[in-house]
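# Structure assessment
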Amino acid sequence: MKSLTELDFPVIKDTKYPVLDNYKIRKTVHAFCYFNCNLYMVQCDGKDDFGPRDYLETPGGGVEEFETNEQALKREIEEEIGVRGKIIKYFGRIGIEYYKLNRIDVSDIYLFEINTFVDTHLTKSENRLKLHVVVISPDHLLEELHNPRKNTLAEIVYLRDLYYFERNFKEIKRIIEG
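Here's a quick rundown of the structure. (Residues numbered from 1 in each chain as written. Predicted model: local features only at pLDDT ≥ 70, side-chain atom pairs only at ≥ 80, totals over all residues. Heavy atoms only, no water.)

When helices and strands are tallied, the protein chain shows five helices and 10 strands. Here the C-alpha atoms of the protein chain give a radius of gyration of 16 Å, agreeing with the 16 Å that 2.2 N^0.38 yields for 178 residues. Dimensions of the protein chain, computed from the C-alpha atoms along their principal axes, are close to 45 × 35 × 35 Å. Burial statistics for the protein chain: of 178 residues in total, 49% are counted as buried. Taking the intrachain contacts of the protein chain between residues at least 6 apart in sequence as the baseline, contacts between residues at least 24 apart amount to 74%. Counting every atom, the protein chain has about 9500 Å² of accessible surface; 48% of that belongs to carbon and sulfur. (Helix = DSSP H or I, 4+ residues; strand = E, 2+ residues; numbered from the N terminus. Rg over C-alpha atoms; globule rule 2.2 N^0.38 Å. Buried < 20%, exposed > 50% of the residue type's maximum accessible area, 1.4 Å probe, protein only. Contact = heavy atoms within 4.5 Å. Areas by Shrake-Rupley, 256 points an atom, 1.4 Å probe, with all protein chains shown as cover.)

In structure tokens, the structure reads:
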């Protein structure tokens, strides 16, 4: 296995918790989902081992064994924000260190077009985090991602989402504004 310094994608460092030697890698997928010129994000308002959660993030989550990235992304998006649609573009991969969890998430990031609205199917842990959908313009999301709450999990999550959102901002706006 490659060390973190040998990976060919950016890795966001966890500066709050101590480094652990024996970490697990978790494969995840996330997407900027859009409909009618707006983005559909997940708002977390609950509390867990990381403390209070109060931030926006791209819908997504873990890729299960025997699941493709596309299958996982469509499942996670339907569970969390209650929509179906199609992948429009792949932006790239980014890693996030979660030392408190003894884990590094390796996330593939996409742009996803919404075409159908359905019911959400939140898991127990997602219900505890009080997840709900927020509809936001690209300009307001960019502003939000530049202002995370300090010393919270939001800092790491916002850096993940900001990395590809900011680099592709003009293209995202062009695509979603049609």
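That was the structure; now back to the text.
Moving on: the packing of helix α3 (residues 138-145) against helix α4 (residues 153-167). Between α3 and α4, whose axes approach to 10 Å, the crossing angle comes to 135°. By the angle class used here, α3 and α4 are oblique. Relative to α4, α3 is oriented so that their crossing is left-handed. In this structure, α3 uses Pro138, Leu141, Leu142, Glu144 and Leu145 to contact α4, whose residues at the interface are Tyr158, Asp161, Leu162, Phe165 and Glu166. A per-class count over the contact of α3 with α4 returns seven nonpolar, no polar and three charged. (Axes fitted to C-alpha atoms, helices over the stretch in contact; angles between N-to-C directions. Parallel < 35°, antiparallel > 145°, perpendicular 65-115°, else oblique. Left-handed = near helix turned anticlockwise from the far one by under 90°. Nonpolar A, V, L, I, M, F, W, Y, C, P; charged D, E, K, R; others polar.)

The subject of this paragraph is the packing of aromatic side chains. A complete count under the given rule lists seven aromatic pairs for this structure. By way of ring pairs, the aromatic residues Phe32, Phe165 and Phe169 are connected into one cluster. For Arg93, the ring lying beneath its charged end belongs to Phe9, and the centroid distance is 6.0 Å. Cation over ring: Arg167 sits above Tyr163, and NZ or CZ is 3.5 Å from the ring centre. (Phe/Tyr/Trp six-rings, centres within 6.5 Å; stacked < 30°, edge-to-face > 60°. Lys NZ or Arg CZ within 6 Å of the ring centre and 35° of its normal.)

When a strand is regular, its side chains alternate between the sheet's two faces. One ladder, built from two bridges, connects strand β1 (residues 11-12) with strand β8 (residues 83-98); its direction is parallel. Residue Val11 lies in a different strand from β8, and its bridge partner there is Gly95. Two strands pair when backbone bridges link them, and β8 and strand β9 (residues 103-117) are joined in this way by 14 bridges, in the antiparallel orientation. Its bridge partner being in β9, Ile96 is matched across the sheet by Asp105. What sits between the antiparallel neighbours β8 and β9 is a turn of four residues, in which Asn102 has the positive phi angle 55°. (Pairing = 2+ DSSP bridges.)

We now examine the pattern of salt bridges. Per the counting criterion, the structure on display carries 16 salt bridges. The shortest N-O distance in the salt bridge between Arg174 and Glu171 comes to 3.9 Å. Taken together, the residues span about one helical turn, with Arg174 and Glu171 both in helix α5 (residues 169-176) at a distance of three residues. According to the relative accessible area criterion, Arg174 is exposed, its value standing at 55%. A cluster of three or more residues bridged by salt bridges with shared partners is formed by Glu64, Glu67, Arg75, Glu76 and Glu79. (Salt bridge = Lys/Arg side-chain N within 4 Å of Asp/Glu carboxyl O.)

In this fold, His30 is placed in strand β2 (residues 24-35). You can call His30 buried: its relative accessible area is 5%. Only 3.3 Å separates the side chain of His30 from the side chain of Arg160, close enough to count as a polar contact. With residues up to four places along the chain from it excluded, the contact list for His30 reads Glu57, Thr58, Pro59, Gly60, Gly61, Leu73, Ser107, Asp108, Ile109, Tyr110 and Arg160. (Polar contact = N/O pair within 3.5 Å; in protein donor to acceptor, adjacent residues only side chain to side chain.)

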